[in-house]
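Summary of the model geometry
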Amino acid sequence: MKLRSYDPDGDFDAVLRIWREVGWIESGNDAYVEGLRVFAEQYDGLVAEIDGDAECYVATGPGTIRHTGTDLPLSAVSAVTTSHVARRQGLAQRLTATAIANDAGAGAAVSALGIFDQGFYNKLGFGSGSYERWHALDPAHIRAGVTARPPMRLTTDDWEAVHSCRLRRMRRHGSCNLDVPAATRSEMLWAHNGFGLGYADGPDGALSHLVWISAKEMENGPFEVWWMAYETYDQFLELMAAIANLGDQVHVVRMREPAGIQLQDLIHEPFRRRRISLKSQFEVGTQSYSYWQLRICDVEACVAAATLHGDPVRFNLELHDPIVSLLDDSSGWQGAGGTHVVAFGEESSAVPGSDDSLPTLEASVGAFTRLWLGVLPATGLAVTDELAGPAALLEDLDRVLRLREPKPDWDF
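Described in the following lines is the structure provided in the data block.

1. Remarks on the overall build of the chain
- Helices and strands together make up the secondary structure of the chain, namely 11 helices and 20 strands.
- A globule of 412 residues ought to have a C-alpha radius of gyration of about 22 Å, and the chain, at 22 Å, matches this closely.
- Once the C-alpha set of the chain is aligned to its principal axes, its extents read approximately 65 × 55 × 50 Å.
- Long-range contacts, defined as pairs at least 24 residues apart, comprise 72% of the intrachain contacts of the chain with a sequence gap of at least 6.
- Accessible area of the chain: about 18,400 Å², with a carbon and sulfur share of 46%.
- Separation between the mean location of the 35 positive side-chain charges and that of the 57 negative ones in the chain comes to 6 Å.

Right, dumping it as structure tokens:
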């Protein structure tokens, strides 16, 4: 077994084979293949060889994640795939750990990814993010309170303008941007019957707000909003009104609830429509999932980014990081474990060492990451995750870490 960098000339066919085996590429669809080619050219890739062939592929891309008012360097793990012949060999964990170490060594303060199920990536120090609420709604029942102008039609040829618009969108606590254009272009190519609706109200006619939609069936739906981008809430309402205008023909649109918005406020008679559509082809309703995870890679940078309110809290942090067992001794970055004196407040800090006069919080890097980002309070994490400390310290942490619910608003 050999771990090495992805070679675009020699490894593409092997990666394409892997993605077909795991069901990530639809057979016979040239747009899917082109999307993978663009993706693999722009992301940082690693492969694991068996008998000279790439049988496991991991890709990461650079970006940022916002904590309160500060953007931190992010490494997004956007692909972890293993072929049928290489399962249960530990390749995915080792290759992912190596990719995270490489990016952390290059300055990434946080790593994030989407999960196929809970548990696997916890072994690499990841902790679950907040719930994402997905609404399946009848667009005819949207009440946005505004009238939408006729939107522009957007296609995959507009990927540059779409990517730029996404990077400029309104961002809140926990939001992420992925820098590589393939983060938008590949996704547009992978959307089944994909199309976009947008408005060019920006400077010099730049795209200002848009939705990108995948359609399972074009005539009646369901449609799925893969993403929305807007700079103001007036623009958000216009996009909702544009989606509502599809309701004379499309019966269901599925979309993720934006940060700071409760979509049910904009839906007419949501429970009545739910009862009527129950168990039908066009069933509406709401589902919640926690399908993204993240982990701190640089404790000092991440804590320093936290701008909090109220009396500060100081404590010793004893952090353990399971990723160490998957890294070679030659790796320059050896996880985020260790002991720090942490202060959470208007000016936060983490300094290596300990102070005998302070209480001590013991945590895994995944649990502490969830605390730092505001996914759950300390008292809750002490019940369900690897986090422990004196009751008074946990209560103080609950008080100072009163953060908005973190939403990446960009799938990895």
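2. Here's the deal with the nonpolar core
- In this structure, W19, Y57, F315, F344, L361, F368 and L397 are the most contacted members of the largest nonpolar core, which totals 71 residues.
- Sequence-distant contacts of Y57, that is, excluding residues within four places in its chain, are made with Y6, V15, W19, F39, A40, G45, L46, V47, A79, V80, T81 and L95.
- Formed by 29 residues, the second largest nonpolar core is a distinct cluster that contains L197, F223, F236 and L239.

3. Comments concerning the sheet that holds strand β11 (residues 209-215)
- Here 7 strands make up an open sheet; going across it, the order is β8-β10-β11-β12-β13-β7-β14 and the pairing mixed. Each edge of the open sheet is held by one strand with a lone partner, namely β8 (152-154) and β14 (285-289). Here the strands of the sheet are splayed against their neighbours by 25° on average, with no regard to which way each runs.
- Note that strand β10 (residues 195-199) and β11 share 5 bridges and pair antiparallel. Across the sheet, the residue bridging to G196 is W212, located in β11.
- Contacting β10, β11, β12 (223-229) and β13 (253-256), helix α6 (residues 233-244) crosses the sheet at an angle of about 35° to β11.

4. Quick word on the packing of helix α2 (residues 30-42) against helix α5 (residues 182-190)
- Here α2 crosses α5 at 165°, and the two axes come no closer than 8 Å. Classed by the angle they form, the pair α2 and α5 counts as roughly antiparallel. Both α2 and α5 take part in a crossing whose hand is left-handed. Here A31, Y32, E34, G35, L36, V38, F39 and Q42 of α2 come into contact with α5, specifically with A182, R185, S186, L189 and W190.

5. Topic: the pairing of strand β4 (residues 70-82)
- Buried residues dominate β4, accounting for 10 of its 13 residues.
- Bridging between strand β3 (residues 53-67) and β4 involves 12 bridges; their strand directions are antiparallel. Along β4, the bridge assignment pairs I65 with L72.
- A loop of 2 residues connects β3 with β4, the two strands running antiparallel in sequence, and T68 in this loop sits at a positive phi of about 50°.
- By the bridge criterion, 4 bridges tie β4 to strand β5 (residues 110-114) in an arrangement that is parallel.

6. Focus on the sheet that holds strand β18 (residues 349-352)
- Read across the sheet, 5 strands follow the order β18-β17-β16-β19-β20 without closing on themselves; strand pairing throughout is mixed. Because the sheet does not close on itself, it has two edges, and the strands there are β18 and β20 (387-388).
- Summarising the sheet, strand β17 (residues 338-344) and β18 pair through 4 bridges and their orientation is antiparallel. In the sheet register, H340 faces β18, and the bridge partner there is P352.
- This element, helix α9 (residues 365-373), spans β16 (313-320), β17, β19 (360-364) and β20 of the sheet and lies at about 110° to β19.
- Contacting β16, β17, β19 and β20, helix α11 (residues 391-400) runs over the sheet at an angle of about 105° to β16.

7. Here's the deal with the environment of L327
- In this structure, L327 sits in the loop between β16 and β17.
- Residue class for L327 comes out buried when judged on its relative accessible area of 9%.
- For the pair L327 and I100, spaced 227 residues apart in sequence, the C-alpha separation works out to 9.9 Å.
- Other than its neighbours up to four places away in sequence, L327 contacts A97, T98, A101, W333, Q334 and G335.

8. Points about the environment of V341
- With respect to the helices, strands and loops of the structure, V341 is situated in strand β17.
- Taking the C-alpha atoms as reference points, V341 and E405, separated by 64 residues in sequence, lie 26 Å from one another.
- When near neighbours in sequence (up to four residues on either side) are disregarded, V341 contacts R314, F315, N316, S349, A350, V351, G353, S354, D355 and L358.

Conventions and cut-offs
- Residues numbered from 1 in each chain as written.
- Predicted model: local features only at pLDDT ≥ 70, side-chain atom pairs only at ≥ 80, totals over all residues.
- Heavy atoms only, no water.
- Helix = DSSP H or I, 4+ residues; strand = E, 2+ residues; numbered from the N terminus.
- Rg over C-alpha atoms; globule rule 2.2 N^0.38 Å.
- Contact = heavy atoms within 4.5 Å.
- Areas by Shrake-Rupley, 256 points an atom, 1.4 Å probe, with all protein chains shown as cover.
- Lys, Arg positive; Asp, Glu negative; His and termini not counted.
- Charge placed at Lys NZ, Arg CZ, Asp CG, Glu CD.
- Core = buried A, V, L, I, M, F, W, Y, C linked by side-chain atoms within 4.5 Å.
- Buried < 20%, exposed > 50% of the residue type's maximum accessible area, 1.4 Å probe, protein only.
- Pairing = 2+ DSSP bridges.
- Axes fitted to C-alpha atoms, helices over the stretch in contact; angles between N-to-C directions.
- Parallel < 35°, antiparallel > 145°, perpendicular 65-115°, else oblique.
- Left-handed = near helix turned anticlockwise from the far one by under 90°.

Shape descriptors only; they carry no functional weight alone.
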